[in-house]
Amino acid sequence: MRYLDPKNDLTFKKVFGTHPHLLRSFLNALLPLPEGEWIESLEYLSPEMVPPVPLLKHSIVDVRCRDNKGRQFIVEMQLLWTDSFKSRVLFNASKAYVQQLDKGKEYRGLHPVYALSLVNEVFEKELPAFYHHYQIVHTQYPERTLEGLQFIFVELPKFRAQHIRDKKLQVLWLRYLTEIEDNSETVSPDLLEVAELREAVGYLQESGFTKDELFSYDKYWDSVSTEKTLLNDAEQKGFEEGLLEAKRVLAQKLLTKGFTTAEIADMTGLTKQELEALLR
């Protein structure tokens, strides 16, 4: 028996985008919700349309929902990182917060928005913590807060289960995301102790996917690898000039591997006209 990686677009949405009871368990474990304010039920909403992060077209997975109290939750799996990602998260959550207010309604009808970002790269290199919680606070009296927006970033590569002494369910969900990788053949018995985790593990079994789904799964990893190559090359050569050159070189490599111009355009973010001009 082999398992697929839960961080892939296909698997993440299969687990958390179609099973609200699993997403509820996950959010209750990961979010800093006040005592007695646990999520009881969820309904899915359409993901917010936001300006794309440069170079990161495919490596961001979104799930958006609302609970029985009216609170909104935006969950993003971010496989690659750029400095502009935080701005995207802020924009996305702020837009979701503002769009609650129809004309003529009072501001007190607004409900909180939580943005949970699971990042598969280390972006706070100087901080040992893997869990970062942001909210609007009084600079002199941080216990005083403005309710409405809260942001949680989790650096998955920093997570180490042995360093955690409490919040068992949080640890198990993070182990689920970090320990199960592509083509894993075994899963820790710890992940099978809790019913929700056991069910979520079952959805990752390769045998439960069709050939077309497995093709999409592999193609997604190709797209993420493409974006990582573009991002690294652009950073090394100077962003604008480096990005264009990186796209040209990568497009040529993809052509030799049998990709169509339409597929290359989709993976690199180039239009067909730009691609044809670069390859002349």
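Scoring rules and cut-offs
Numbering of residues starts from 1 in every chain and runs along the sequence as written. This being a predicted model, a pLDDT of at least 70 is required before a residue's local features are given, and a value of 80 or more before pairs of side-chain atoms are given or counted; all residues contribute to the totals for chains, interfaces and linings. Hydrogens and water are ignored here; the side-chain numbers use all heavy atoms of the structure. Here a helix means four or more residues in a row that DSSP labels H or I, a strand means two or more in a row labelled E, and each is numbered from the N terminus. Each residue is assigned to one of three classes by its accessible area relative to the maximum for its type, calculated with a 1.4 Å probe on protein chains only: buried under 20%, partly exposed between the two thresholds, exposed over 50%. The Shrake-Rupley method, run with a 1.4 Å probe, gives the accessible areas here. Residue values count only the displayed protein chains as cover. Only protein atoms enter the calculation, which uses a 1 Å grid: trapped sets of points that fit a 1.4 Å probe without letting it out are cavities, open sets showing protein on both sides within 12 Å along at least five of seven lines are pockets, and any residue with an atom within 4 Å of a point is a lining residue. Grid points are joined across faces, edges and corners, and a volume is the space filled by probe spheres set on the points. Residues are grouped as follows: Ala, Val, Leu, Ile, Met, Phe, Trp, Tyr, Cys and Pro are nonpolar; Asp, Glu, Lys and Arg are charged; all remaining types, including Gly, are polar. Note on pairing: DSSP must find at least two bridges between two strands before they are called paired. By this rule the span expected of a helix is its residue count minus one, scaled by 1.5 Å. Regarding the arc, it is the one traced by the directions from the helix axis to the C-beta atoms. Contacts are residue-level and defined by heavy atoms, with any inter-residue pair within 4.5 Å sufficient. The salt bridge definition used is simple: a Lys or Arg side-chain nitrogen within 4 Å of an Asp or Glu carboxyl oxygen. Exposure above 30% relative accessible area and no salt bridge define the residues that can form patches, which grow by joining like charges within 9 Å and nonpolar side chains of Val, Leu, Ile, Met, Phe, Trp and Tyr within 5 Å. Under this rule, positive means Lys or Arg and negative means Asp or Glu; His and the chain ends count for nothing. Working definition for charges: the position is that of NZ of Lys, CZ of Arg, CG of Asp or CD of Glu.

Peer 1: Mind showing me how you'd approach the overall build of the protein here?
Peer 2: Scanning the protein from terminus to terminus reveals nine helices and six strands. Sorting the 280 residues of the protein into buried and exposed places 44% on the buried side. Of the roughly 15200 Å² of accessible surface on the protein, 52% is carried by carbon and sulfur atoms.

Peer 1: Is there a simple way to explain empty space enclosed by the protein in this structure?
Peer 2: Taking a probe equal in size to a water molecule and rolling it over the atoms shows the remaining empty space. Under the defined criterion, the tally for this structure stands at one cavity of 30 Å³ or more. In this model, the largest cavity occupies a volume close to 30 Å³. In terms of lining residues, the largest cavity is bounded by Ile74, Glu76, Val89, Asn92, Ala93, Ala115 and Ser117. Only strand S3 (72–78), helix H3 (84–98) and strand S4 (113–119) provide two or more residues apiece to the lining of the largest cavity. The dominant element in the lining of the largest cavity, judged by the number of residues it contributes, is H3, at three residues. Of the residues belonging to the lining of the largest cavity, the class tally is four nonpolar, two polar and one charged.

Peer 1: What is the right way to read unusual backbone geometry from this model?
Peer 2: Phi is mostly negative for residues that are not glycine, and the peptide bonds are mostly trans. In this structure, Asn183 takes a positive phi of about 65° despite not being glycine. With respect to the element layout, Asn183 can be found in the loop between helix H4 (168–179) and helix H5 (195–202).

Peer 1: Could you clarify how one ought to interpret helix H2 (residues 20–30) in this entry?
Peer 2: Most of H2 is tucked away: eight of the eleven residues are buried. Along H2, the residues that are buried comprise Leu22, Leu23, Ser25, Phe26, Leu27, Asn28, Ala29 and Leu30.

Peer 1: Quick question: what am I supposed to make of the pairing of strand S2 (residues 60–67) here?
Peer 2: Moving residue by residue along a regular strand, the side chains alternate between the two faces of the sheet. Counting buried residues in S2 gives seven out of eight residues, a clear majority hidden from the surface. Pairing analysis gives four bridges linking strand S1 (residues 42–45) to S2, with the strands arranged antiparallel. Across the sheet, the residue bridging to Leu42 is Asp67, located in S2. Relative to S3, S2 runs antiparallel, the two being bridged by seven bridges. Along S3, the bridge assignment pairs Cys65 with Phe73. Between the end of S2 and the start of S3, which pair antiparallel, lie four residues, with Gly70 showing a positive phi angle near 90°.

Peer 1: What exactly am I supposed to notice about H3 here?
Peer 2: Residues that lie three or four places apart on an α-helix share one face, since the helix turns once every 3.6 residues. Here H3 contains 15 residues, and its C-alpha end-to-end distance of 21 Å stays within 8% of the 21 Å for a straight helix at 1.5 Å per residue. Burial in H3 covers these residues: Phe85, Arg88, Val89, Asn92, Ala93 and Ala96. Around the axis of H3, the buried residues are gathered within 120° of arc, so they sit on the same side. Against the buried residues of H3 lie S2, S3, S4 and strand S6 (145–155).

Peer 1: Help me understand the pattern of salt bridges, please; the structure alone is not making it clear to me.
Peer 2: Think of it this way: side chains of opposite charge can pair up when their charged atoms draw near. Taken as a whole and judged by the stated rule, the model has 13 salt bridges. Linking Asp5 and Lys7 is a salt bridge whose minimum nitrogen-to-oxygen distance equals 3.1 Å. Residue Arg71 is joined to Asp67 by a salt bridge in which the shortest nitrogen-to-oxygen separation is 2.7 Å. Salt bridges sharing common partners tie together Asp62, Glu76 and Arg88.

Peer 1: I keep staring at a negative patch on the surface and nothing clicks. Help me out?
Peer 2: A cluster of acidic side chains, namely Glu181, Asp182, Asp218 and Asp222, defines a negative patch on the protein surface. Looking at the element boundaries, Glu181 is found in the loop between H4 and H5.

Peer 1: Quick question: what am I supposed to make of the pairing of S6 here?
Peer 2: Counted residue by residue, S6 has eight buried out of eleven residues, so it is predominantly covered. With seven bridges connecting them, S4 and S6 associate as parallel partners. Looking at S6, one finds that Leu118 is bridged to Val154.

Any functional reading would require information that these geometric values do not contain.
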